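Analysis of the macromolecular model
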Amino acid sequence: MDINELKKYFVYLNKEYIEGEVYKIKYHFDIDDLKKVKTTSIYMTGFGVYDAYLNGEKIGDQLFKPGFTYYKRRLLYQEYDIKPMLKAKNELVFYVAQGWYCGRFFCENTVQNFGNLPSISFILNIEYVDGTMKIHHSKKGMKALISEYKYAGEYDGEFIDYSNENIDQELGELSSFDFPDNVSLEKTLVEVKLQEEIKIANVYAHDDYTIIDFGQNFAGIISINSALLNEGEEIVIRHGEILNNDGSLYTTNLRKAKATLSYKKGKLNHIYTPRFTYMGFRYIEVRGVKYVDGLLKAHAIYTAMNRTGYFTCSNPLIDRLYQNQVWGQKSNYVEVPTDCPQRDERLGYTGDGHVFALTGSYNFDTSKFWYNFFKDLAIQQLDNGDGNVSPFLPHPNPKPVGFMSMQGWGSAVSIIPEIIYEQYGDLDFFQNQLPQIKKYVDLEIKKAGNKYLWNAVSLGDWLSLRKGIAWQAMNNHPVSNAFFINDLRILLKLLKILNKSDEYNYYKDIYNKVKSKYIKSFISKNGKVKKDYQGTYVLVLKHVLDENDKELRALVINKFVENVKKHGLDTGFFGTEHLLPLLVDVGEEKLAFDVLLSEKCPGWLYQVKAGATTTWERWDALKEDGTVNEEKSGNDNMVSFNHYSFGSVGEFYYQYILGIKPLEPGYKKIQIKPIVDKRIGNVSGSYLSKSGLISINYYYDNNQLIINIETPSPTTIILPNGDSYEVGAGKYKYQINI
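For the structure given in this document, a descriptive report is provided here. This one's a predicted model, so the numbers in the text were calculated from it and none came from an experiment.

1. Brief notes about the packing of aromatic side chains
According to the stated counting rule, one finds 67 aromatic pairs in the structure shown. Residues W604 and W619 carry aromatic rings whose centres are separated by 5.6 Å and whose planes lie at 80° to one another, so their mutual orientation is edge-to-face. Separated by 15 residues along the polypeptide, W604 in helix α15 (residues 604-609) and W619 in the loop between α15 and β32 (632-633) bring together distant segments of the chain. The exposure class of W619 is buried, given its relative accessible area of 1%. Positioned above the aromatic ring of W327 is the side chain of K330, whose terminal nitrogen or guanidinium carbon lies 4.2 Å from the ring centre. Residue placement shows R346 over the ring face of Y278; its charged tip is 5.0 Å from the ring centre.

2. Points about the packing of helix α7 (residues 434-448) against helix α9 (residues 477-497)
One way to put it is that α7 packs onto α9 with a least axis distance of 10 Å and a crossing angle of 140°. Between α7 and α9, the interaxial angle falls into the category oblique. Between α7 and α9 the crossing geometry is left-handed. Only F483, F484, D487, L488, L491, L494 and L495 of α9 make contact with α7, whose side of the interface consists of L434, I437, K438, Y440, V441, E444, I445 and A448. Of the residues that constitute the contact of α7 with α9, the class distribution is 12 nonpolar, no polar and three charged.

3. Brief notes about the environment of G215
Of note, G215 is situated in strand β19 (residues 210-225). Between the C-alpha atoms of G215 and R343, which are 128 residues apart in sequence, the distance is 20 Å. G215 has contacts with A201, R282 and T613, leaving out every residue within four places of it along the chain.

4. Looking at the state of the cysteines
In protein structure, a disulfide is the covalent linkage between the sulfur atoms of two cysteines. Taken as a whole and assessed by the stated rule, the structure comprises zero disulfides. Not engaged in a disulfide, the cysteine C102 finds its nearest cysteine sulfur in C107; these two sulfurs lie 19 Å apart. Accessibility expressed as a relative area gives 0% for C102, which makes it buried. No disulfide involves C107; its sulfur sits 8.1 Å from that of C340, the nearest cysteine.

5. A look at α9
Taking 1.5 Å of rise per residue, the 21 residues of α9 would be expected to cover 30 Å, and the 30 Å separating its terminal C-alpha atoms lies within 8% of that figure. Burial runs high along α9: 16 of the 21 residues are buried.

6. Examining the pattern of salt bridges
Per the stated rule, a full pass over the model turns up 50 salt bridges. R74 is the salt-bridge partner of E186, the closest N and O atoms lying 2.8 Å from each other. Highlighted residues: E186 in strand β16 (residues 184-187) and R74 in strand β7 (residues 74-80), separated in sequence by 112 residues. Taking relative accessible area as the criterion, R74 reaches 0% and is therefore assigned buried. The partner of E231 in a salt bridge is K267, and the shortest N-O contact between them spans 3.3 Å. Remark: K267 occurs in the loop between β23 (260-264) and β24 (271-272) and E231 occurs in the loop between β19 and β20 (234-240); sequence separation between them is 36 residues.

What counts as what
Residues numbered from 1 in each chain as written. Predicted model: local features only at pLDDT ≥ 70, side-chain atom pairs only at ≥ 80, totals over all residues. Heavy atoms only, no water. Phe/Tyr/Trp six-rings, centres within 6.5 Å; stacked < 30°, edge-to-face > 60°. Helix = DSSP H or I, 4+ residues; strand = E, 2+ residues; numbered from the N terminus. Buried < 20%, exposed > 50% of the residue type's maximum accessible area, 1.4 Å probe, protein only. Lys NZ or Arg CZ within 6 Å of the ring centre and 35° of its normal. Axes fitted to C-alpha atoms, helices over the stretch in contact; angles between N-to-C directions. Parallel < 35°, antiparallel > 145°, perpendicular 65-115°, else oblique. Left-handed = near helix turned anticlockwise from the far one by under 90°. Contact = heavy atoms within 4.5 Å. Nonpolar A, V, L, I, M, F, W, Y, C, P; charged D, E, K, R; others polar. Disulfide = S-S within 2.5 Å. Expected span 1.5 Å × (residues − 1). Salt bridge = Lys/Arg side-chain N within 4 Å of Asp/Glu carboxyl O.

See below:
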């Protein structure tokens, strides 16, 4: 079938917009002889969010269909075989909600951001054994019906009333909706699904409400077993990440999001599961009814991806930190790489996305997740007008660079494709991003002009604790321009791979000029970077100075190490990813583990010791006195207890503690070089690469270290005592004195 046929059959309820409205559509059809049905295919899509049922059974297990995209240019569709669900008499039911398309969304809490009203389209093809075909499709004149929903929205939740006697009464007649000419229809690449059940850890009964603790912060939804409610009873559930000192639910950090489920029972006994919302929470508050066992069940939700990386060790704090970053990814890989799952934001930030992308690519196979995201990035970059990359995607109104340049965020355009290439060996994806990378680099070059530095207002090494937001913004230029140099480096790498020598020479000349100007502007002759800022040291060593700058690099390394020894961890979103790896790379292995193992704030184990089960947005989200850091950003506070950016420490686990790195893209050749520290204890982990399973475990036996390695490809093994081995695919065991 030509999928563009779907564009002909879009229908919508043409009425006054009411925020949170959800209506139903029912379509009936008969089949005379089920045995004569050969094949069936149903194609569905919509502007908004929809859920579909055939004969009471949900079609497919994808949540939030059709998915979150840049609706002004790109819409997804779903295809299912529904033959096993068919009966002689059939009822096809759609729930139509507003979702990201026109529901309340974004930090400004605006509505109708991508369009005015939701719409849907479906085509059902039934092929019979005699070769005939029966086609059913949505059409003008179908009826919209009143649903059990009083309200549904991503931020506020769902409000359900099954006692409403008007359910299934006609709400209005559907009209044809003209599909926009410039919007493409594409099949879904990735799907958000209901995932593992999160068991209840504790129940705390209060006078007029109950607090339930699931023991884990996560993005998910609560299902309600209505058979345990009496007709007319209403249960109200609020969600939160932490509790107040008095044991009540803390919700201030949700800002304008209500994060609430309200369910009023009618005559129906069933399991109610939210369709059009999700929450970020560890705790829920239950009001209106007495909680009984079996009434509620929680499930995590996240984009379906194959798990590829694992780690465990005998140090419980380090082991918990590893789990925290995994849960940060699960909670925030929901359609797009969101910043947080709980408050009125949940946006696909490019900066947060790229700092965690390498860690995420070890935890899970994220290739399709990023393929999907980069489709919108490419389209929106064209619509931005100047090659700018929006700080979050999808953006409802792409624009050229404004007052805030958001340097570092836009660099996702180059950083993530390079990661996908190195991790998965996907050169096609990498080279397909060449136009996007060039557009952004050309923008950087234009903004820099003949000064060869783009010194604009930006955020710097975001949320570094000791410097503060204002200081970082005012002193962002060394951080921002380090990304400029790195973007050029990645572009040159790709041009070299593709043998584009003329372009390579052009950008190489600019790279040299930008780098030279950077060194003169931000690095003193004794190796001290401007303002002696730890985030700048990290990015200078990671992105600016290389093997051609040995003398200056050695001086910068000395100042960097001095800074870390004096301040401990002092980095934000961008610097933190590279801090520990750089310390090891410059020969400071013990210092790297000292920083990792520090229980002071700022530090990862400070969060773990405070009870964190995910990584936080701020190092001091909970202050040392136990109070919440409610420092405002703009008019609202900004504190999330489920933010994966500082979870970028995960790459240190995989690439250093386990020692697993690709020597060639896609792990066709591998390096295994474990960096050990007795304080971490016994270690075991693995990564399922595109070349096969790589695993390592090591444990201490008196004064010896026993190391077991399995590798699928030619591998360089470097042991902690310096011994090196070149091996082929196979299993290997080593025993060294330590």
